[in-house]
Amino acid sequence: MATTKRYDVKDLALSAEGVRRIAWADRQMPVLAAIRERFESEQPLAGHRIAACLHVTTETANLARTLKAGGADVVLCASNPLSTQDDVAAALVDEYDISVFAIKGEDNDTYYQHIEAAVDHKPQITMDDGADVIGVLHAHRREQLVDVIAGTEETTTGVIRLRALERDGALGFPIIAVNEAKTKHLFDNRYGTGQSTIDGIIRATNVLLAGSTFVVAGYGWCGRGVATRAKGLGAHVVVTEVDPLKALEATMDGFQVMTMERAAQVGDIFVTATGDKSVIARRHLEEMKDGAIVANTGHFNVEIDIPALRQLASETREARQFVEEFTLADGRRIYLLADGRLVNLSAAEGHPAQVMDMSFANQALSVEFAIDHAGELERKVYNVPEEIDREIARLKLATMGVEIDTLTEEQAKYLASWDEGT
């Protein structure tokens with residue numbers, strides 16, 4: 001039996017504030033609003049059950065509204081225990097009649113109970129930010145795999161996991177890698193993560209970035225976004241990398257590149273953005289200076305070796321909200337932000353709505369594409385079709401009042417030819 005009119009949120013009395021904030025974000029998401037208007041008219045998702053495991057924010061609320069407007073029966077759970085905005089969760093249930101299972105700060109058991117509740121919805125479409133619903137289905141709900149038409153995945157970390165499943169021949173249904181859309185990773189990962197990560201660090205600590213040594217682990221799209229914004233605020237930015245091409249690019253972009261062993265000795269603020277585990281390991285923590293601030297903006301809280309930090313500490317205390325102070329045996333103090341979870345969503349509000357407009361437009365249109373092509377897709381990880389990517393870019397430019405040129409017939413013919421040269 002599908003899950004209907006069920007929820008687990010902190011307090012429905014928070015709904016009114018959530019409605020106000022959802023409306024504020026909606027005004028800055030015109031592409032998604034246009035898709036919602038069309039969906040309401042055409043009902044392309046009618047009769048389909050969707051289980052979405054995403055950060056429960058104002059922007060996600062507008063995606064959920066769009067999916068429902070298209071006729072879908074949506075259940076939403078949190079993709080991170082600290083990223084839920086409780087007023088938004090309440091508003092989705094109370095005002096928009098969408099089932100939500102998410103409470104900010106929920107413990108690990110509750111977190112997974114909420115994911116199980118989403119899976120109880122018997123989804124035909126999954127929508128993930130970190131592959132948690134897909135993971136539960138593949139691990140111990142395999143009998144439900146045959147009912148799933150397709151899924152979408154929003155994160156670099158999730159796509160890595162799903163490509164591994166595909167390589168092993170174990171992927172149970174087709175996946176559309178929303179993260180790989182250019183209108184997602186070139187903008188959301190770079191501009192969204194860049195701004196919101198800095199926002200989270202400043203909200204949590206109120207430290208001055210200017211003049212500090214700011215270490216960014218990883219120079220993918222997220223890492224370069226963080227590095228660029230930190231540099232813009234006057235920090236001396238150091239980048240650590242394992243990929244020689246990315247390290248070279250960071251060097252050419254004007255950043256100092258070194259190993260984490262060296263960076264640990266000089267850094268004031270550290271941010272991990274790699275998607276891998278133990279990027280900041282015990283040996284690095286042992287080298288850090290007194291007062292070092294350590295944060296993560298990757299999806300899971302494994303990039304910093306938190307168990308090792310706890311072992312090294314002789315004393316811990318909450319210095320500020322989302323700031324835990326670890327006093328080491330020699331008296332040095334290290335400050336961990338947001339328990340090593342996504343600092344931009346745990347200590348701040350996540351990405352600005354303007355960039356999530358494009359990311360969630362990709363989600364909505366990818367779900368429509370998956371339903372339209374249900375009989376054709378194999379159990380593989382697919383990129384978002386280029387025509388969807390380009391259409392979202394076109395719509396975004398139009399909402400910003402930006403006009404671009406178009407090729408003349410002569411120019412198009414020239415670009416498609418080989419026999420016309422100098």
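Above: the structure in question.
Throughout this description, residue numbers start from 1 for each chain and increase along the sequence as written. Totals for whole chains, interfaces and linings use every residue, but because this is a predicted model, local features are given only for residues with pLDDT of at least 70 and side-chain atom pairs only at 80 or more, for both listing and counting. No hydrogens and no water enter the side-chain calculation; it runs on all heavy atoms of the structure.

(A) Fine view of the overall build of the chain. Each helix and strand counted, the chain has 17 helices and 15 strands in total. Throughout, radius of gyration means the C-alpha value; the globule benchmark is 2.2 Å times the number of residues raised to the power 0.38. Whereas a compact globule of 422 residues would reach a radius of gyration of roughly 22 Å, the chain reaches 22 Å, a difference of no more than 12%. Projected onto its principal axes, the C-alpha positions of the chain cover 70 × 65 × 45 Å. Exposed residues in this analysis have more than 50% of their type's maximum accessible area, buried residues have under 20%, and partly exposed residues fall in between, with area computed by a 1.4 Å probe over protein chains only. Looking at the chain as a whole, 55% of its 422 residues are labelled buried. Partitioning the intrachain contacts of the chain with sequence separation of at least 6 by distance along the chain shows that 73% fall at a separation of at least 24. Using a 1.4 Å probe, accessible areas were evaluated by the Shrake-Rupley method; residue-level cover was limited to the displayed protein chains. When the accessible surface of the chain is split by element, carbon and sulfur atoms take 50% of a total near 18700 Å². Charged residues are defined here as Lys and Arg on the positive side and Asp and Glu on the negative side; His and the ends of the chain fall outside this count. Charge positions are represented by NZ for Lys, CZ for Arg, CG for Asp and CD for Glu. Charge-centre separation for the chain: the mean point of 43 positive side chains lies 3 Å from the mean point of 65 negative side chains. Labels follow the DSSP assignment, with helices taken as runs of H or I lasting at least four residues and strands as runs of E lasting at least two, numbered in each case from the N terminus. Any two residues whose heavy atoms approach within 4.5 Å are treated as being in contact.

(B) A look at the environment of Leu365. For Leu365, the position within the fold is in helix 15 (residues 353-372). Assessed through its relative accessible area of 9%, Leu365 is described here as buried. Sequence separation between Leu365 and Pro385 is 20 residues; the distance between their C-alpha atoms is 9.8 Å. In contact with Leu365, not counting residues within four places along its chain, are Ile35, Arg38, Phe39, Ile388 and Ile392.

(C) Representation of the packing of helix 1 (residues 15-27) against helix 3 (residues 58-69). Here an axis means a line fitted to C-alpha atoms, over the contact stretch when the element is a helix, while the angle between two N-to-C directions is reported on a 0 to 180 degree scale. One way to put it is that helix 1 packs onto helix 3 with a least axis distance of 8 Å and a crossing angle of 80°. Between helix 1 and helix 3, the crossing angle belongs to the class labelled roughly perpendicular. Contacts between helix 1 and helix 3 involve Arg21, Ile22, Ala25 and Asp26 from the first element and Thr58, Glu59, Ala61, Asn62 and Arg65 from the second. Considering only residue class, the contact of helix 1 with helix 3 consists of 3 nonpolar, 2 polar and 4 charged. Our angle categories are set so that under 35 degrees counts as roughly parallel, over 145 as roughly antiparallel, 65 to 115 as roughly perpendicular, and the remainder as oblique. Basically, the charged four are Asp, Glu, Lys and Arg, the nonpolar ten are Ala, Val, Leu, Ile, Met, Phe, Trp, Tyr, Cys and Pro, and anything else, Gly included, counts as polar.

(D) Spotlight on the side chain of His185. In this fold, His185 is placed in helix 8 (residues 182-205). Among the residues examined, His185 registers a relative accessible area of 14% and is labelled buried. Nitrogen and oxygen atoms within 3.5 Å of one another constitute a polar contact, given that in protein one can donate a hydrogen and the other can accept it, and given that sequence-neighbouring residues count only through two side-chain atoms. A distance of 3.3 Å separates a polar atom in the side chain of His185 from the backbone oxygen of Asn179.

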